[in-house]
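# Survey of secondary and tertiary structure
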Amino acid sequence: MIEISGLTRYYGDLCALDKISLTIERGKILGLLGPNGAGKTTAMRILTGFLAPTEGTVIVKGHSIDDGMLKIKKLIGYLPESAPVYQDMFVYDYLQYVADIREMPAESREDRIKEIAGICGLEDVMHRSIHELSKGYKQRVGLAHAMIGDPEILILDEPTMGLDPNQIVEIREIIRKIGREKTVILSSHILSEVEATCDRVVIINRGRIVADGSTEELKRTSAEDYSISLLLKGAPELEIKQLFDGVAGIASVDASGEDGMIRVRLSCRTGDDLREQVYSRVKTKDWALLELIRESKSLESIFSELTQEKEG
Amino acid sequence: MTAAASTMHIFRREFRHYFVTPIAYIVIAIFLVLTGWFFFSTFFLYSQAELRNFFSLLPIIFSFIVPTITMRLFSEEYNVGSYEILVTMPVTDLDIILGKFLAAMAFIAVMLLPTVSYAISVSFLGDLDWGPVIGGYVGALLLGAAFCAVGLFASALTKNQIIAFIIGMIICFSLTMVDKVLFFLPESMLGFFQFIGADFHFENVARGILDTRDILYFVSVVFVALYGTFLVLQEKK
């Protein structure tokens, strides 16, 4: 459906995207994940024709962005970051305008506008000026804008930003439903969102793809790794570090806390269960052990590992 | 969709937008007050039933008025961010440029419409020769088109409407005044600057003489400015 090859984009000397290649199949929801400034928005902007790549190309359903951009635009519904829709129009007029440009047939248009207003929860504000609306409602207008033409590809840049928790759940449900037949690409830096909605996750950092796979796959690649979380009372931080230093399999020790309560995170790089060893070490000291939990890797830790390692 | 249809959708939105905000009415009111006052305050001194004085004012007044009409066309969209939505909809850059240009042109036509009453009033006072009047309106529209294209170009350069206005005004004003301020140049060069000047060509048309050279001049200004706008938009990508 979408083939991205060698996509590179510079802003002056700054490299925002560095030779990204990716193939996206139909009927999948792809989550683009990455810290701020990683290149998520740049990638989406190139896909939608707002920016041109410095190098590389994208082919969407046989059309190249170099000469078939108009055809590609017809296939894509796009919600830019923070949904910058026209402020001075009524919601209804705005949707009419989008329907005009998307050359939607006149006879089914009213029904479609009603339908999309229902999906996005806009019925109550159809005859209000967009600039009067709250951020969450503007975001919904942006979503309606992207979805109204029933496009084959939906590209959503941080779709749930500014929405309340109930609305987030609803929108995720809608995205999942659409994702069954259509191709959806969404970006986010909220990991739980990506975990909840996406079939496939691509993690971008500093313009490069650092991980690519389903959430399960990503977790499995670091299956041997886990962390042990301890809550200790009356333990000086310095001593904690010394205590666990010698244990084989512990990659790093993080301790933080105040008022005598210290939260310790031990990152373990081994298949063996180190809990017993850890416990026996703690036992040698006169500290109170309040918690000892083994945590398997969350998407969070994979994410922070992948995006921080590169910075060093 | 045919390109013309996309252009028309953008045209309609932009044109309607003018009348949603009070700016349109303010601009039209200022234009009518200025032209009406300047024209009629001297009109009775000449006791001539003609509109030449009205038309001779237009290049200067348009140099200020037209950039206020065009300044928001791109700048506002850059500023709000809606430009991203506009560009990623299934339209081409050409549709966007033409739609916006035509909207500004249509606005100028609407703005000129009430001034027809000047001609009608004058025709009651004396024997008005309608030839130069029609020529004057044709010239006004050509001049308006040229300045609109320049203003659109200025607006495409920046997200600040004030800067867009100033750039547009400076270019339009220069085009109007270029042959008047350079009187100290030798005769041979003066001819060249006269040819660049919008005022010179406008006066020709406003006299009721439709010369292809004058029409070609305005068409060239429109083309160059719109092409410049196109290049600016490409540069933004």
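Residues numbered from 1 in each chain as written. Chains lettered and ligands numbered in written order. Predicted model: local features only at pLDDT ≥ 70, side-chain atom pairs only at ≥ 80, totals over all residues. Heavy atoms only, no water.

On to the overall build of chain B. Helix and strand counts for chain B stand at twelve helices and zero strands. Relative to the 2.2 N^0.38 estimate, which gives 18 Å for 237 residues, the radius of gyration of chain B is 19 Å and therefore close to what a compact globule would have. Principal axes of the C-alpha set define a box for chain B whose edges measure 55 × 45 × 35 Å. A total of 237 residues make up chain B; the buried ones form 51% of that total. When contacts within chain B are restricted to residue pairs at least 6 apart in sequence, those whose partners lie at least 24 apart make up 77%. (Helix = DSSP H or I, 4+ residues; strand = E, 2+ residues; numbered from the N terminus. Rg over C-alpha atoms; globule rule 2.2 N^0.38 Å. Buried < 20%, exposed > 50% of the residue type's maximum accessible area, 1.4 Å probe, protein only. Contact = heavy atoms within 4.5 Å.)

What follows covers the interface of chain B and chain A. Counting residues at the interface gives 24 residues for chain B, matched by 26 residues for chain A. Taking both sides of the interface into account, the surface hidden between chain B and chain A amounts to around 2500 Å²; carbon and sulfur atoms contribute 65%. Counting every contact that joins chain B to chain A gives three salt bridges. Salt-bridge contacts for Glu-84 of chain B lead to Arg-45 of chain A; the nearest nitrogen and oxygen are separated by 2.9 Å. Put simply, chain B and chain A have nine residue pairs in polar contact (both at pLDDT 80 or more) between them. For the side of chain B that touches chain A, the secondary structure elements donating two or more residues are α1 (3–20), α4 (72–80) and α5 (82–88) of chain B. The residue inventory of the side of chain B that touches chain A, partitioned by class, reads eleven nonpolar, six polar and seven charged. (Buried area = accessible area lost by both parts, 1.4 Å probe. Salt bridge = Lys/Arg side-chain N within 4 Å of Asp/Glu carboxyl O. Polar contact = N/O pair within 3.5 Å; in protein donor to acceptor, adjacent residues only side chain to side chain. Nonpolar A, V, L, I, M, F, W, Y, C, P; charged D, E, K, R; others polar.)

Moving on to the pairing of strand β10 (residues 208–213) of chain A. All names here are of chain A. As judged from the five bridges shared by strand β9 (residues 200–205) and β10, these two strands associate in the antiparallel manner. Looking at β10, one finds that Val-201 is bridged to Gly-213. Joining the antiparallel neighbours β9 and β10 is a turn of two residues, in which Arg-206 adopts a positive phi near 50°. (Pairing = 2+ DSSP bridges.)

This part is about the sheet that holds strand β14 (residues 288–296) of chain A. Residues and elements named next belong to chain A. Read from one edge to the other, the open sheet built from four strands follows the order β12-β13-β11-β14, with strand pairing classed as antiparallel. Looking at the sheet topology across the chains shown, the edges are occupied by β12 (250–258) and β14. Between one strand and the next, the sheet's axes are offset by a mean angle of 15°, whatever the strand orientation. Along the sheet, helix α9 (residues 237–245) makes contact with β11 (225–233), β12 and β13 (261–269), crossing β12 at roughly 165°. Across the sheet, helix α10 (residues 275–283) lies against β11, β12, β13 and β14, angled at about 160° from β14, the strand it touches most. (Axes fitted to C-alpha atoms, helices over the stretch in contact; angles between N-to-C directions.)

What follows is about helix α4 (residues 106–120) of chain A. Residue and element names in this part refer to chain A. Given a rise of 1.5 Å per residue, 15 residues ought to cover 21 Å, and the 21 Å separating the end C-alpha atoms of α4 matches this to within 8%. Buried within α4 are the following residues: Arg-109, Arg-112, Ile-113, Ile-116, Ala-117 and Cys-120. Tucked inside the fold, the buried residues of α4 contact α3 (91–101), α5 (135–147) and α6 (165–179). Positive phi shows up at Gly-121, right after α4, with a value of about 70°. (Expected span 1.5 Å × (residues − 1).)

Residues and elements named next belong to chain A. Within α3, eight of the eleven residues are buried, leaving the element largely enclosed by the surrounding structure. Those residues of α3 that sit buried are Val-91, Tyr-94, Leu-95, Gln-96, Tyr-97, Val-98, Ala-99 and Ile-101. A positive phi of about 45° marks Glu-103, the residue just after α3.

On to the nonpolar core, then. Core analysis: the largest hydrophobic core is formed by 148 residues, its most contacted members being Tyr-94 of chain A together with Phe-62 of chain B. By residue number, the principal contributor to this core is helix α8 (residues 130–157) of chain B, which donates 13 residues. In this structure, Leu-230, Leu-232, Val-247 and Cys-268 of chain A belong to the second largest nonpolar core, which totals 20 residues. (Core = buried A, V, L, I, M, F, W, Y, C linked by side-chain atoms within 4.5 Å.)

A few words on the pairing of strand β6 (residues 76–79) of chain A. All names here are of chain A. With burial as the criterion, each face of β6 is covered, one bearing Ile-76 and Tyr-78 and the other bearing Gly-77 and Leu-79. Of the strand pairs in this sheet, β6 and strand β7 (residues 153–157) are connected by four bridges, and their pairing is parallel. Directly across from Ile-76, in β7, lies its bridge partner Ile-153.

Opposite charge on two side chains allows them to pair when their charged atoms are near. For the structure on display, the rule yields 27 salt bridges over all chains. Arg-13 of chain B is paired through a salt bridge with Asp-88 of chain A; the nearest N and O atoms lie 3.3 Å apart. Of this pair, Arg-13 of chain B sits in helix α1 while Asp-88 of chain A sits in the loop between β6 and α3, which puts the two residues in different chains. A single burial state applies to Arg-13 of chain B and to Asp-88 of chain A, both of which are buried. As a salt-bridge pair, Arg-176 of chain A and Glu-173 of chain A come within 3.0 Å of each other at their nearest N and O atoms. In this pair, Arg-176 of chain A and Glu-173 of chain A both sit in helix α6, three residues apart, roughly one turn of the helix. Assessed through its relative accessible area of 29%, Arg-176 of chain A is described here as partly exposed. The structure contains a network of salt bridges with shared partners spanning Asp-88 of chain A together with Arg-13, Glu-14, Arg-72, Glu-76, Glu-77 and Lys-100 of chain B.

What follows is about the sheet that holds strand β5 (residues 63–64) of chain A. Residues and elements named next belong to chain A. The four strands lie next to each other as β2-β1-β4-β5, forming an open sheet whose pairing is antiparallel. Edge positions in the sheet fall to β2 (14–24) and β5, since each of these pairs with one other strand and no more. Judged from the two bridges that link them, strand β4 (residues 55–60) and β5 form a sheet pairing that is antiparallel. Counted as the bridge partner of Ile-59 is Ser-64 from β5. The sheet contacts of helix α1 (residues 40–47) involve β1 (2–11), β2 and β4, and relative to β1 the element is tilted by about 120°.

A few words now on the domain arrangement of chain A. Each assigned domain of chain A is listed here: domain 1 (2–220) and domain 2 (224–296). Computed from C-alpha coordinates alone, the two centres of domain 1 of chain A and domain 2 of chain A are separated by 43 Å. (Domains from an automatic or database assignment.)

All right, on to unusual backbone geometry then. Residues and elements named next belong to chain A. One non-glycine residue, Lys-19, lies in positive phi territory at about 45°. Position of Lys-19 relative to the elements: it lies in strand β2. Even without being glycine, Arg-206 reaches a positive phi, approximately 50°.

Our next topic: a nonpolar patch on the surface. Residues and elements named next belong to chain B. A cluster of nonpolar side chains, Ile-120, Phe-124, Trp-130, Ile-134, Val-138 and Leu-210, forms an exposed patch at the surface whose accessible area comes to about 620 Å². Elements with a contribution of two residues or more to the nonpolar patch: α7 (116–125) and α8. When residues of the nonpolar patch are assigned to their parent elements, the largest contribution, three residues, is made by α8. Checked against the element boundaries, Phe-124 lands in helix α7. Taking the relative accessible area as the measure of exposure, Phe-124 reaches 70% and is therefore exposed. (Patch = residues over 30% accessible without salt bridge, like charges linked within 9 Å, V, L, I, M, F, W, Y side chains within 5 Å. Areas by Shrake-Rupley, 256 points an atom, 1.4 Å probe, with all protein chains shown as cover.)

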